Amino acid sequence: MKISAQELKRKRDNRESVFLITGGTGFIGSHTAVALLERGYRVILLCRPGRKISARERVDKLLDWFQIKGRKGLSRLEVVEGFIDKPNLGLSDKSYENLSGKFNEIIHCAAVTSFSEKKREELETANIRNLSNLLKLADSKNSKCYYFHHISTVYTAGKHTGTFEETLIKTENFNNVYEETKYHGEHYVSEAFEKEGIMVNIYRSSIVYGNSETGRSSRFNALYYPVKMALFLKDTYKNDITRNGGRRAIQMGVRLEEDGTVFLPIRMENKRGGSMNLIPIDYYTTAFIALLEESMESSIFHIVSDSPKTLDDIIHYFRELFRIRGFRTASKENFNEIPANALEILFNKYLETYGPYIRDTRQFDFRKAEKILKEKNIKCPEFDQEVFSRCMNYAISVNWKNPWDN
Amino acid sequence: MISKEAAGIAAQCRHYAMCKIDFLQTGLCPPGENNHYVSYYPQGRMDLYDALAKGLIPVTERLVDIADTCTLCGICDKQCHFVTELRPMKVMRALKEYVDSHLAENKKVVKIEEDDILRQFKKIVGEKNATNDPAILVTYSNDPAPMAKPQMPQYIVLPSNRDEVKDIVSICNKFKIPFAVRGNGSSVFGIVMSEGVVLDMGRDKEITIDRDNWKVNTGAGVSAFDLQQEAEKNGFRVNSAEPSAIVCSNIMCSGILSTFSNTYGTGADNYVDAEFVSNKGEAFDLNDKIGPNLFGFDKQGSPSPGICTGASIKLHKVTEDEEGIGIPFSSFDEAAIFCRDLSHRRIGISIAMLGGEYISTFISPTSDLAEKVKTLFIETLGIKFLVVVIGDKYAVETIKKMTPVTIDDKLFRLMMLSLPQMVEGEWIEMLGDIETDVNLFELFCKEEMYPLLETVLDPSPESIGAIVPEDLRDFYTQLYSRPEMTNLAWLSTFRILSSRMGRFKHVVAFIGYAPLDKLEVIKQMIGEFKRIGDKYELKHDYGFITPVDLGKRAILEYDFYIDHTDPAEIQQMLRAMGEAGPMIGELSQKHKGIQWINTILFQGFSRKENFLYR
Ligand code: SF4
């Protein structure tokens, strides 16, 4: 018997509502789980074991990293070792039945975020097919599930031009298989779950980076990747200059300036007008919970920044922090005149993959989310030099690796 | 006292006979070179220690001599480590110690009395070159081939020319003693053993270049490596197989199957003439007007026509601008079609399409590295197949125009000398994180990337030295400083790396011909081998494809791997062979152009037209 809206509201108010979170050891999932625990909710994490450790041990490592004070709220956390891609989630009949009656809302964070067509099968399974396993669970006979919160991305807009509204749209053109599978995932959940009387919220975010106040993060892709690569190259050439006479550096046009600045001749192709929409994880979780708590009926929200950054902004932050010169944006014509060197080939390859997000011309309408967030005085922090530096310094301190899951 | 550790190593010898050729310029095992019997080479000494450990032989006069003549020079350790990662020196020391303590304790040294037959053999080949000493006999009594059961011969005889062979065969026939000829290494079918006489042709090392006739006269004991080396010195190349294979034995068994068969041909294409002694003891030549027709081919298989006592092999010109080039592919079809296309268009001399397993095993000096290189190639870079072509500069230039990226000589050298950095480095991992939809090799192998790769990977012979045991470090560093060790053309010609495929376990190669115009048939064959390998729980893998006769046909190799010391695995292997044979037979009924090793056996002199197009 699914519960009623009033019952859910009462449960939420009394912090009795139980959230089942998938992908709970991932970046978004773990932050969401911790934020919910901190707000007093009950949380069940459905996660798979690691290669050598159990699901519980993985979660313990993650909780250590979050430094939850006095491990407050941990009594309200339960870990279920399961596999979202298996029938019955890989659980015994008894455990499955037991789990199905335990929660009131599902927050589905588990996803594969690769952009590679070669991983299509994996993406289709993770981002579309697995959803039916969750539907089966939410719809089983002793389910008390009222809500399905689907974590998605504003990039389900695909190649849609103009403003992307907080509604479901129909499109067939995507930049990559990630966008495509997340798009189909959204359509699946809104049809299938709602058909069974389960409310569906879709939360579409832009690119989420680390904590804007502490710089902490457990995922270092998108924004972090080119910085990591640039620093690696800087160190490599510096090493060549200081230890091996710098022959290879000269060949590449890399030099060490007198003030210790390293010059890396790297042009990144920029298309006019594009920018990158970035939000920090602390804003994301606050906004997400606020939107969730205000929702009793199916809805779609965009969690985005109203101040996207250009590639030039980011290059500027980077230059200031790392004393690396030579990075600049250049036009296609400029590349036709002077062919790309190896460093540029590398960075432009990266841009080929991440280009749609870095040189993004799509507009994301967020009025629906904004209305709620404004009332609660929740605002996206500016991605400025300080925040950039904080985040990158943290990444370096943990060697660009997930500090709990390696 | 038998050392368990040494006995363990000794049992692992694969009989690849790489210790019988000087492929690393270390020099040859001195007593081996002086005495010719395999028993004096490291390979035979491994077998001897294994036999002592199993209690198969007593300490005999010859055993004492064999142990005594080992100088503990360490050559075998370098050679064997290069191929198999085994350290035979432990066995050599243990063998010496065993014999020394036997003598110190005044224990008996067995002397086997001569009989009349042995005296007759000695009369033909000289006192030193015929024996019935069990220490020698036992080293000719086994073969890691799964079909071979050990057979202890009565005599080993080392003839040095055709007349001696004739006389030996006559004696064998007179006394009704069976005989067999031993090549250098192991055989697939174990046909190199006999209860009677084993002839080891290793003394006949004649190599005479006949420039005017574009041929080289080759004695019955000449290895492919030695022949190729001599040809190279004179600006030529011969088509030859594995470096340690005895050329004449190789021709007798299967004909020469190599990646150069793409242009140099196969079967009768490779020889100008050959001389034989028939099983009755009569001499005949390939070119005789009246005599056995070895050019013909019998689909039902054929018995051995006798003993090949020499052959004149065709010489081919090598131009100075020859280079190697690799073309990476992520799909079988694309790679195979590319190979075929090259052959149709007559681009390149040698063409081979290697699998990721092969290539990573060949280029990695240790198995540990090979595993990582395999993951790097296949999973990270997306190189599932590598088409390796040797050609002149025009061919190489053309290939570069035909395909977006290649692994040219320069990049190959760079990769060879930085493999350890490539597999360990976070940088390659970082490259993988770009997640492009194209295969990573398309980025990695771009010529513009070379300067960056050089900086990041910092290739050097020292990096190879750093991954081998301490005492071999300097040796490997010097070895990899030599240009030929990282030169695709040289490595493809001399094939010194391919024996590394036996490093994991002994290899049983299924080799034969297939129709290159029908890729679906080739894929079906590979699929069947795979199915059989899985069924019998044997490690197995695709080996290589080489186009033959301008891309109409192909040589196809598929490999099974077994621990030849494990009876259970041998049984599984025999079952697998029992199933693979009929499978190939059935397919060859249905499709033209399929011929397999079991029918080719002893028909290596046939005209290819007689077995590829009927
Ligand atoms: S150590 Fe002994 S067996 Fe090894 S190569 Fe030297 S002489 Fe031969």
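Residues numbered from 1 in each chain as written. Chains lettered and ligands numbered in written order. Predicted model: local features only at pLDDT ≥ 70, side-chain atom pairs only at ≥ 80, totals over all residues. Heavy atoms only, no water.

It is worth spelling out the overall build of chain B at this point. Counting secondary structure elements, chain B contains 28 helices and 19 strands. Overall, chain B is about 75 × 60 × 50 Å in size when its C-alpha atoms are taken along their principal axes. When the 614 residues of chain B are sorted by exposure, 63% land in the buried category. Once local pairs closer than 6 in sequence are excluded, the contacts in chain B between residues at least 24 apart make up 74%. Summed over its atoms, the accessible surface of chain B is roughly 23300 Å², and 49% of this surface lies on carbon and sulfur atoms. (Helix = DSSP H or I, 4+ residues; strand = E, 2+ residues; numbered from the N terminus. Buried < 20%, exposed > 50% of the residue type's maximum accessible area, 1.4 Å probe, protein only. Contact = heavy atoms within 4.5 Å. Areas by Shrake-Rupley, 256 points an atom, 1.4 Å probe, with all protein chains shown as cover.)

Taken residue by residue, the interface counts 25 residues in chain A and 23 residues in chain B. Surface buried jointly by chain A and chain B totals about 2300 Å² across both partners, of which 62% is contributed by carbon and sulfur atoms. Our count for the chain A to chain B interface comes out at 1 salt bridge. In this structure, Arg248 of chain A and Asp458 of chain B form a salt bridge, with 3.1 Å as the shortest nitrogen-oxygen distance. Joining chain A to chain B, the criterion identifies 4 residue pairs in polar contact (both at pLDDT 80 or more). Every element with two or more residues in the side of chain A that touches chain B is listed here: α8 (224-244), α9 (247-252) and α13 (342-358) of chain A. In terms of residue count, α13 of chain A provides more of the side of chain A that touches chain B than any other element does, 8 residues in total. (Buried area = accessible area lost by both parts, 1.4 Å probe. Salt bridge = Lys/Arg side-chain N within 4 Å of Asp/Glu carboxyl O. Polar contact = N/O pair within 3.5 Å; in protein donor to acceptor, adjacent residues only side chain to side chain.)

Take helix α4 (residues 61-69) of chain B next. Residues Arg62, Leu63, Val64, Ile66 and Ala67 of chain B constitute the buried set of α4 of chain B. Elements in contact with the buried residues of α4 of chain B: α3 (42-53), α6 (89-104), β1 (130-131) and α8 (134-137) of chain B.

Residues and elements named next belong to chain B. Residues Asp65, Asp68, Glu97 and Asp100 make up a contiguous surface patch of negative charge. For the negative patch, the elements supplying multiple residues, two or more each, are α4 and α6. Within the secondary structure, Glu97 is located in helix α6. On the basis of relative accessible area, Glu97 is assigned to the exposed category, the value being 53%. (Patch = residues over 30% accessible without salt bridge, like charges linked within 9 Å, V, L, I, M, F, W, Y side chains within 5 Å. Lys, Arg positive; Asp, Glu negative; His and termini not counted. Charge placed at Lys NZ, Arg CZ, Asp CG, Glu CD.)

The next thing to look at is the site of the ligand. Residue and element names in this part refer to chain B. Near the ligand lie 14 residues; those nearest to it are Cys29, Cys70, Cys73, Cys76 and Met89. Every element with two or more residues in the shell around the ligand is listed here: α2 (30-35), α3, α5 (75-84) and α6. Class assignment for the residues of the shell around the ligand results in 11 nonpolar, 2 polar and 1 charged. (Near = heavy atom within 4 Å. Nonpolar A, V, L, I, M, F, W, Y, C, P; charged D, E, K, R; others polar.)

Okay, the side chain of Thr84 of chain B next. Residue and element names in this part refer to chain B. Its place among the elements puts Thr84 in helix α5. Only 3.1 Å separates the side chain of Thr84 from the backbone nitrogen of Leu86, close enough to count as a polar contact. Ignoring sequence-local partners within four residues, the contact set of Thr84 consists of Arg14 and Arg503.

Once that is clear, we can look at the nonpolar core. Ranked by internal contacts, the top residues of the largest apolar core, which has 239 residues, are Leu346 of chain A together with Phe82, Val387, Trp427, Phe444, Leu452 and Ile496 of chain B. Here the element with the most residues in this core is α13 of chain A; it accounts for 10 residues. Contacts of Leu346 of chain A, omitting those with residues within four sequence positions, involve Met229 and Leu233 of chain A together with Trp427, Leu431, Ile434, Leu443, Met449 and Leu452 of chain B. (Core = buried A, V, L, I, M, F, W, Y, C linked by side-chain atoms within 4.5 Å.)

Turning our eyes to something else, we now look at the packing of aromatic side chains. Residue and element names in this part refer to chain A. Taken as a whole and assessed by the stated rule, the structure comprises 52 aromatic pairs over all chains. Between Tyr284 and Phe288, the aromatic rings sit 6.1 Å apart at their centres with planes inclined by 10 degrees, giving stacked as the arrangement. Of the two residues, Tyr284 and Phe288 both sit in helix α10 (residues 281-294), 4 residues apart, roughly one turn of that helix. Exposure class is identical for Tyr284 and Phe288. Each is buried. Members of the aromatic cluster, connected to one another through ring pairs, are Phe115, Tyr155, Tyr178, Tyr225, Tyr350, Tyr354, Tyr357 and Phe364. (Phe/Tyr/Trp six-rings, centres within 6.5 Å; stacked < 30°, edge-to-face > 60°.)

Taken as a whole, chain B shows an average pLDDT of 93; of its residues, 99% reach a score of 70 or greater. Among the scores for the predicted complex, ipTM is 0.83 and pTM is 0.89. (pLDDT = per-residue confidence, 0-100.)

This brings us to the sheet that holds strand β13 (residues 350-355) of chain B. Residues and elements named next belong to chain B. Judged by pairing direction, the sheet is antiparallel, and its 8 strands sit side by side in the order β15-β12-β14-β13-β17-β18-β16-β19 without closing on themselves. The sheet is open, and its two edges are formed by β15 (407-408) and β19 (595-596), each paired on a single side. The sheet contact formed by strand β16 (residues 506-515) and β19 spans 2 bridges and is antiparallel. Its bridge partner lying in β19, Gly512 is registered against Trp596. Sitting on the sheet, helix α25 (residues 519-535) touches β16, β17 (539-548), β18 (553-562) and β19, and the angle it makes with β18 is about 10 degrees. (Pairing = 2+ DSSP bridges. Axes fitted to C-alpha atoms, helices over the stretch in contact; angles between N-to-C directions.)

All names here are of chain A. You can read the domains of chain A as domain 1 (5-205) and domain 2 (212-276 + 308-361 + 381-406). Across the boundary between the two partners, domain 1 contributes 16 residues, which contact 14 residues of domain 2. Of the roughly 1400 Å² buried at the junction of domain 1 and domain 2 (both faces included), carbon and sulfur atoms supply 56%. Interface area lost by domain 1 to domain 2 is led by Phe27, Trp65 and Phe115, which between them contribute 48%. For the interface between domain 1 and domain 2, the tally reads 0 salt bridges. Scanning the region where domain 1 abuts domain 2 turns up 4 residue pairs in polar contact (both at pLDDT 80 or more). When contributions to the side of domain 1 that touches domain 2 are tallied by element, the ones reaching two or more residues are α2 (27-38) and α3 (55-66). Looking at the side of domain 1 that touches domain 2 residue by residue, the class counts come to 6 nonpolar, 7 polar and 3 charged. (Domains from an automatic or database assignment.)

This paragraph deals with the pairing of strand β2 (residues 42-47) of chain A. Residue and element names in this part refer to chain A. In terms of residue burial, β2 counts as a mostly covered element, since 5 of its 6 residues are buried. For strand β1 (residues 18-22) and β2, the ladder comprises 5 bridges, and the chain directions are parallel. When the bridges of β2 are listed, Ile21 appears paired with Leu45. For the segment spanning β1, α2 and β2, crossover handedness is right-handed. (Right-handed = clockwise from strand over helix to strand, strands pointing away.)

Moving on, we come to the domain arrangement of chain B. All names here are of chain B. Splitting chain B by domain gives domain 1 (4-104), domain 2 (116-200), domain 3 (207-317) and domain 4 (323-600). Using C-alpha coordinates to define each centre, domain 1 is positioned 32 Å away from domain 4. Every contact between the two is made by 17 residues of domain 1 and, on the other side, 28 residues of domain 4. Both faces combined, the contact of domain 1 with domain 4 buries some 1800 Å², and carbon together with sulfur accounts for 54% of it. Between Asp471 and Arg87 there is a salt bridge, with the nearest N and O atoms lying 2.5 Å from each other. Summed over the shared surface of domain 1 and domain 4, the result is 12 residue pairs in polar contact (both at pLDDT 80 or more). A total of 5 residues in the side of domain 1 that touches domain 4 trace back to one element, the largest contributor, which is α5. When the residues that make up the side of domain 1 that touches domain 4 are grouped by side-chain class, the tally is 8 nonpolar, 5 polar and 4 charged.

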